Amino acid sequence: KAEQEGKDEEVLYTKFEYWCGSSKKSLNKAIAEEKSTIERLQDEISSHEKSIEVLGKEMAELKDEIAELATAGEKATEDRKAAADLYTESSTAHTATISAIDEAIKALEKSQSETDSATLNLSQQKVRALLALLGMKVSDEERSRLQGFVAYEPKERPDTKAAGDYEGHIKKYSFK
């Protein structure tokens with residue numbers, strides 16, 4: 001029986017040795033695979049860290065660009081408001097100029113038919129206002145003519161009455 005136990009024990013020991021050998025091989029193989037997995041993961045971690053660094057720099061650059069664009073947008077808004085204000089001012093000035101020209105034309109037309117000094121003075125005032133609005137937008141010749149009209153002072157006309165009788169100045173014709 002002791003012999004049988006020795007043989008059984010030898011078989012068990014051989015199996016155990018075989019198991020240890022195959023386990024050692026599979027463990028070494030698993031360790032090698034895990035070491036390569038660790039290296040691959042470390043490389044992947046390193047590449048992700050570099051990506052984080054690059055993306056962080058890009059984010060900082062984009063934040064700067066956004067700030068610049070916001071500043072440019074604010075300036076553009078200010079420029080548009082200034083342009084709108086200038087347009088409004090210019091439009092108002094043009095409207096006033098057109099009105100002044102219209103009034104001056106009406107006053108001049110009236111002064112052609114009415115020769116009293118009040119009408120002439122009114123016409124001169126309208127043309128003076130028109131000159132102030134037109135400024136440098138008229139030619140020298142046009143400005144000179146308008147200034148000449150404004151500066152014109154008519155000589156006072158004496159009240160003349162015909163001497164003698166009115167009936168004596170009328171010729172009577174007789175027709176046959």
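Please refer to the structure placed before this passage.
Residues numbered from 1 in each chain as written. Predicted model: local features only at pLDDT ≥ 70, side-chain atom pairs only at ≥ 80, totals over all residues. Heavy atoms only, no water.

Engineer: Any chance you could break down the pattern of salt bridges for me, citing the residues and the numbers?
Structural biologist: Enumeration according to the criterion identifies four salt bridges in this entry. Among the ionic pairs, glutamate 44 bridges to arginine 40, the shortest N-O distance being 3.9 Å. Of this pair, glutamate 44 and arginine 40 are both found in helix 1 (residues 2–113), four residues apart, which corresponds to roughly one turn of the helix. By relative accessible area, which is 47% here, arginine 40 ends up partly exposed. Close ionic contact of lysine 57 with glutamate 53 constitutes a salt bridge, the shortest N to O distance being 3.7 Å. With lysine 57 and glutamate 53 both in helix 1 and four residues apart, this pair spans about one turn of that helix. (Salt bridge = Lys/Arg side-chain N within 4 Å of Asp/Glu carboxyl O. Helix = DSSP H or I, 4+ residues; strand = E, 2+ residues; numbered from the N terminus. Buried < 20%, exposed > 50% of the residue type's maximum accessible area, 1.4 Å probe, protein only.)

Engineer: Explain the nonpolar core to me, and be specific about the residues and the numbers.
Structural biologist: Judged by nonpolar contacts, Ala100, Ala104, Val127, Leu130, Leu131, Leu134, Val138 and Val150 together constitute the single largest core of eight residues. Of all the secondary-structure elements, those providing two or more residues to this core are helix 1 and helix 2 (117–134). It is helix 2 that provides the largest number of residues to this core, a total of four residues. Filtering out sequence-adjacent residues up to four positions away, valine 150 remains in contact with Gln124, Val127, Arg128 and Leu131. (Core = buried A, V, L, I, M, F, W, Y, C linked by side-chain atoms within 4.5 Å. Contact = heavy atoms within 4.5 Å.)

Engineer: Give a description of a negative patch on the surface that names residues and reports values.
Structural biologist: Among the surface-exposed residues, Glu58, Glu61, Asp64, Glu65 and Glu68 lie close enough to one another that they form a single negatively charged patch. Residue placement: glutamate 58 occurs in helix 1. Under the relative-accessibility criterion, glutamate 58 is labelled partly exposed at 39%. (Patch = residues over 30% accessible without salt bridge, like charges linked within 9 Å, V, L, I, M, F, W, Y side chains within 5 Å. Areas by Shrake-Rupley, 256 points an atom, 1.4 Å probe, with all protein chains shown as cover. Lys, Arg positive; Asp, Glu negative; His and termini not counted. Charge placed at Lys NZ, Arg CZ, Asp CG, Glu CD.)

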